[in-house]
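Secondary and tertiary structure notes
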Amino acid sequence: MKAESPLAARMRPDALEDILGQDHIIGQDTLLYRAIKADKLSSIILYGPPGTGKTTIAKVIAKQTKADFVQLNATASGKKDMEEVISHAKDNRGMYGRRTILFIDEIHRFNKGQQDYLLPFVEDGTIILIGATTENPYFEVNSALLSRSRIFELKTLDRDSLKKLILKAVSDEKKGMGAYHAVIDEDAASFLADVSDGDARTALNAVELGIMTTERGSDGMIHITLKVAEQCIQKRAVKYDREGDNHYDTISAFIKSMRGSDPDAAVFYLARMLNAGEDIKFIARRMVICASEDVGNADPQALQVATAAFLAIERVGMPEAQIILSQAAAYIATAPKSNSAVMAISEAMQAVRETPNVTIPVHLQDAHYGGAAKLGRGEGYLYSHDYPDHYVRQQYMPYELEGREFYHISDMGYEKKIREHMSRLKKSRDE
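These numbers were taken from a predicted model, which means no experiment stands behind them. (Residues numbered from 1 in each chain as written. Predicted model: local features only at pLDDT ≥ 70, side-chain atom pairs only at ≥ 80, totals over all residues. Heavy atoms only, no water.)

Let us now look at the overall build of the chain. Check the secondary structure of the chain and you find 19 helices and 7 strands. In terms of C-alpha radius of gyration, the chain reaches 29 Å, well past the compact-globule figure of 22 Å for 431 residues. When the backbone C-alpha atoms are referred to their principal axes, the chain occupies close to 100 × 60 × 40 Å. Each of the 431 residues in the chain was classed as buried or not, and the buried ones make up 45%. Treating the 54 positive side-chain charges of the chain as one cloud and the 61 negative ones as another, the clouds have centres 3 Å apart. (Helix = DSSP H or I, 4+ residues; strand = E, 2+ residues; numbered from the N terminus. Rg over C-alpha atoms; globule rule 2.2 N^0.38 Å. Buried < 20%, exposed > 50% of the residue type's maximum accessible area, 1.4 Å probe, protein only. Lys, Arg positive; Asp, Glu negative; His and termini not counted. Charge placed at Lys NZ, Arg CZ, Asp CG, Glu CD.)

If you want it as structure tokens, here you go:
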């Protein structure tokens, strides 16, 4: 079975030293390298685009560890499978003092309940978790599970590393295609390394296809020319990988175009993502964030439009969802902009960190729970609606922070009206 497996599977390195392009996390003297070599691994999340070596690192760990190594794929496994692994791990630990490493490929495909199930067993050491994901774990993996794991981000392979791998795959007689007596032209190898966009699996699949489908020349050799390489890839790939991390470049351009009030660019990047098959919920989620972060109270309706679009695309689905997303993107892009609310919470969070033990003014404290009123809680509170304009001057900020301002209101869009309203209240307060 191993001999008949795809070239990309056969070419997996057996040792850490043979893994290409990830020296920043598994180079000698790095934390992960030392932990694997010493067989002292703790729970980790391997995050990166397809074909960068996440499964390869897990396989190397499996070869080097003395612990039991169990692999599950989140797309095909359920809670029952995890229960069996946990039961086996408890027996290993209790009866033999042996650790169990559980490798879950595509861990982001587990739902919240499935991820939560693992928490206590990761925390008490019943299992050591290795999760592999192409999606940003800060979005797709439970924060509680993340806090119990160390995240390692794998990068796309550089052009030189891919070219080295391609040449080795062609000539290696033990793992590669060397037995087929093939040669690859320099420009063909360079082309495949370039268009594979850092994905080793894509490059190796193209090499295997080329060698398996190309007739031998008059010299008895299989020649992988530039033309053959182009046929194997079919076309120069757009640098966008909806299953990996490259999509963040496009979503970044999309958000910045909306922030920069360029609806044409925003709709273009939206179309690019939709054409690549991007998850429409991912797009909608980022639009909701943008509507609050970049438009804010300059046009409060932007958040309503974005949220309504999110709900609508879930109910309608593609292809009609693209119309809804386009409408919302255009609205957000053309809305007046303000990040005053962002700066407000940022400054307020800093103040909380600097003054964690400030006292809430007594008149603002809750007087309703048992005995609170007798202790003077809530005494002296002035009910705003009992006064003209539904406003009365009193101390709201903790006394230690008296006079501090966090919400610096802009004069953009609706915020200008908010600013004028607050100015009137301030004027009446000072009179």
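After that view, the rundown keeps rolling.
Looking now at empty space enclosed by the protein. According to the stated counting rule, one finds 1 cavity of 30 Å³ or more in the structure shown. Put simply, the largest cavity is a space of about 50 Å³. Ala-35, Ile-36, Asp-39, Leu-41, Ile-61, Gln-64, Thr-65 and Ile-101 together form the lining of the largest cavity. Of all the secondary-structure elements, those providing two or more residues to the lining of the largest cavity are helix H3 (31-37) and helix H4 (54-64). For the lining of the largest cavity, the per-class residue count stands at 5 nonpolar, 2 polar and 1 charged. (1 Å grid on protein atoms, 1.4 Å probe; cavity = no way out; pocket = protein on both sides within 12 Å on 5 of 7 lines; lining within 4 Å. Points joined across faces, edges and corners; volume = space filled by probe spheres on them. Nonpolar A, V, L, I, M, F, W, Y, C, P; charged D, E, K, R; others polar.)

With that settled, the discussion passes to the packing of aromatic side chains. One pass over the full model with this rule turns up 3 aromatic pairs. Ring plane angle 70° and centroid distance 5.3 Å describe the contact between Phe-268 and Tyr-269, whose orientation is recorded as edge-to-face. Directly above the aromatic system of Phe-139 lies the positively charged group of Arg-285, at a separation of 5.8 Å from the ring centroid. (Phe/Tyr/Trp six-rings, centres within 6.5 Å; stacked < 30°, edge-to-face > 60°. Lys NZ or Arg CZ within 6 Å of the ring centre and 35° of its normal.)

This paragraph deals with the pattern of salt bridges. What the rule picks out here adds up to 14 salt bridges. Two residues, Glu-153 and Lys-155, come together in a salt bridge whose shortest N-O distance is 3.7 Å. Judged by relative accessible area, Lys-155 falls into the partly exposed class, the value being 40%. Three or more residues are tied together by salt bridges with common partners; here these are Asp-14, Lys-63 and Lys-175. (Salt bridge = Lys/Arg side-chain N within 4 Å of Asp/Glu carboxyl O.)

This brings us to the confidence of the model for the chain. Averaged over all residues, the pLDDT of the chain is 86; the fraction at 70 or higher stands at 93%. Ranking the elements of the chain by mean pLDDT puts helix H19 (residues 414-430) last, at 81, and helix H17 (residues 321-334) first, at 95. In this model, residues 235-244 is a region of pLDDT below 50 whose contacts with residues beyond four sequence positions or in other chains number 31 contacts. (pLDDT = per-residue confidence, 0-100. Contact = heavy atoms within 4.5 Å.)

One finds Phe-254, Met-258, Ile-283, Met-287, Leu-325 and Ile-332 to be the most contacted residues of the largest nonpolar core, which totals 32 residues. Those elements giving two or more residues to this core turn out to be helix H13 (247-259), helix H14 (263-275), helix H15 (280-295), helix H16 (301-316) and H17. With 9 residues, H15 is the largest single contributor of residues to this core. (Core = buried A, V, L, I, M, F, W, Y, C linked by side-chain atoms within 4.5 Å.)

Moving on, we come to the packing of H14 against H17. Axis separation between H14 and H17 bottoms out at 9 Å; the angle between their running directions is 150°. One way to sum up the angle between H14 and H17 is to call them roughly antiparallel. The handedness of the crossing between H14 and H17 is right-handed. Between H14 and H17, the residues in contact are Pro-263, Val-267, Leu-270 and Leu-274 and Gln-322, Leu-325, Ser-326, Ala-329, Ala-333 and Thr-334, respectively. Looking at the contact of H14 with H17, its residues break down into 7 nonpolar, 3 polar and no charged. (Axes fitted to C-alpha atoms, helices over the stretch in contact; angles between N-to-C directions. Parallel < 35°, antiparallel > 145°, perpendicular 65-115°, else oblique. Left-handed = near helix turned anticlockwise from the far one by under 90°.)

A separate point is H4. Among the residues of H4, Lys-54, Thr-55, Thr-56, Ile-57, Ala-58, Val-60 and Ile-61 are the ones counted as buried. Tucked inside the fold, the buried residues of H4 contact helix H2 (23-26), H3, strand S1 (44-47), strand S2 (68-73), strand S3 (100-105) and strand S4 (128-133).

Another aspect to go through is the layout of surface pockets. The volume enclosed by the second largest pocket comes to roughly 660 Å³. Around the second largest pocket sit 35 residues that line it, and Arg-12, Gly-51, Gly-53, Thr-56 and Ala-200 are the ones nearest its centre. Counting residues per element, the ones that place at least two in the lining of the second largest pocket are helix H1 (7-10), H4, S4, helix H9 (159-171) and helix H11 (200-213). With 4 residues, the top contributor of residues to the lining of the second largest pocket is H11.

The subject of this paragraph is H15. Over its 16 residues, H15 runs 21 Å from end to end, which matches the ideal 22 Å to within 8%, given 1.5 Å per residue. Turning to H15, its buried residues number three or more, namely Ile-280, Phe-282, Ile-283, Ala-284, Arg-286, Met-287, Val-288, Cys-290, Ala-291, Asp-294 and Val-295. Among the residues trailing H15, Gly-296 stands out with phi positive, at a value near 55°. (Expected span 1.5 Å × (residues − 1).)

As a further point, take the sheet that holds strand S5 (residues 150-153). Here we have 5 strands laid out as an open sheet, ordered S2-S3-S4-S1-S5, and parallel in their pairing. On the outer flanks of this sheet lie S2 and S5, each paired with one strand and no other. The sheet shows a mean angle of 15° between the axes of neighbouring strands, direction not considered. Sitting on the sheet, helix H5 (residues 79-96) is in contact with S2 and S3, with an inclination near 170° to S2. (Pairing = 2+ DSSP bridges.)

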